[in-house]
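Residues per chain are reported as follows:
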Amino acid sequence: MQHNIPTLKLPTDDYMQMLAMSDRRLICVLRSAVLAPERVGRFMPRPPANHDAYRVFRAAECIDVRLYAEGNAIFCCRFVPHVLR
């Protein structure tokens, strides 16, 4: 697994609900909330437009959805619980 890829951290109030979602549903959420052409411009680092696969990794503290191009991980969108300070 590659670790030196750009990562976009996405705090969310719906984290507990997202933990119960299927991988397919998480990818749909990512595609509509982050990767849609009208939304992608507001994120830094900006997710790449050219990718051909996704893979979901779950941990207690985050949900990573990695974007792949030609078999190589090129970007990570990391969902984390929103923490009020």
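Criteria and thresholds
The numbering scheme is per chain: residues are counted from 1 as the chain's sequence reads. Two thresholds apply to this predicted model, a pLDDT of at least 70 for residue-level local features and 80 or more for giving and counting side-chain atom pairs, whereas whole-chain, interface and lining totals are computed over all residues. Values shown for side chains rest on all heavy atoms present in the structure; no hydrogens or waters enter the calculation. Numbering of helices and strands runs from the N terminus, with a helix taken as a DSSP run of H or I at least four residues long and a strand as a DSSP run of E at least two residues long. We compute the radius of gyration over the C-alpha atoms and compare it with the globule rule, which gives 2.2 Å times the number of residues raised to the power 0.38. The contact rule is simple, with two residues in contact once any of their heavy atoms fall within 4.5 Å. Note that accessible areas follow from Shrake-Rupley with a 1.4 Å probe, and for residues the cover is restricted to the protein chains shown. Three labels apply to residues, based on accessible area from a 1.4 Å probe with only protein chains included: buried if under 20% of the type maximum, exposed if over 50%, partly exposed otherwise in between. The term polar contact refers here to a pair of N or O atoms within 3.5 Å; inside protein, the definition further demands a hydrogen-donor-capable atom paired with an acceptor-capable atom, and it admits residues adjacent in sequence only when both atoms are side-chain atoms. Each aromatic pair joins two rings of Phe, Tyr and Trp (for Trp, the six-membered one) with centres within 6.5 Å, and gets the label stacked for planes under 30 degrees apart, edge-to-face for over 60, and tilted for any other angle. The rule for a charge over a ring is simple: NZ of Lys or CZ of Arg within 6 Å of the ring centre, and within 35 degrees of the ring normal. Throughout, the arc means the angular range of directions from the helix axis out to the C-beta atoms.

**Description of the overall build of the protein**
So, step 1. When helices and strands are tallied, the protein shows two helices and four strands.
So, step 2. Start at the N end of the protein and walk to the C end: the helices and strands fall as β-α-α-β-β-β.
So, step 3. For a compact globule of 85 residues, the expected C-alpha radius of gyration is about 12 Å, and the protein comes in at 12 Å, within 12% of that figure.
So, step 4. The dimensions of the protein, computed from C-alpha atoms along their principal axes, are 35 × 30 × 25 Å.
So, step 5. Residue pairs in contact within the protein that sit at least 24 positions apart in sequence constitute 54% of those at least 6 positions apart.
So, step 6. If you sum the accessible surface of the protein, you get close to 5700 Å²; carbon and sulfur atoms cover 51% of it.

**A look at the side chain of Asp 64**
So, step 1. Mapping Asp 64 onto the fold places it in strand β3 (residues 63-69).
So, step 2. When its relative accessible area of 7% is taken as the criterion, Asp 64 is described as buried.
So, step 3. In terms of polar contacts, Asp 64 uses its side chain to reach the side chain of Arg 78, at 2.7 Å.

**Digging into unusual backbone geometry**
So, step 1. For the bond from Met 44 to Pro 45, the omega torsion is -5°, close enough to zero to count as cis.
So, step 2. Examined against the element boundaries, Pro 45 turns out to sit in the loop between α2 (23-33) and β2 (53-58).
So, step 3. Residues other than glycine seldom take positive phi values, yet Glu 70 does so here, at roughly 50°.
So, step 4. Residue placement: Glu 70 occurs in the loop between β3 and β4 (72-81).

**Section: the packing of aromatic side chains**
How two aromatic rings sit relative to each other is set out by the distance from centre to centre and by the angle between their planes.
So, step 1. Within the structure shown, the criterion is met by zero aromatic pairs.
So, step 2. Above the plane of the ring of Phe 57 lies Arg 66, whose end atom (NZ or CZ) is 5.4 Å from the centre.

**Notes on α2**
So, step 1. Residues of α2 that are buried: Leu 26, Ile 27, Val 29 and Leu 30. Projected onto a plane normal to the axis of α2, the buried residues spread over an arc of 155° and lie on a single side.
So, step 2. On its buried face, α2 sits against α1 (15-19), β2, β3 and β4.

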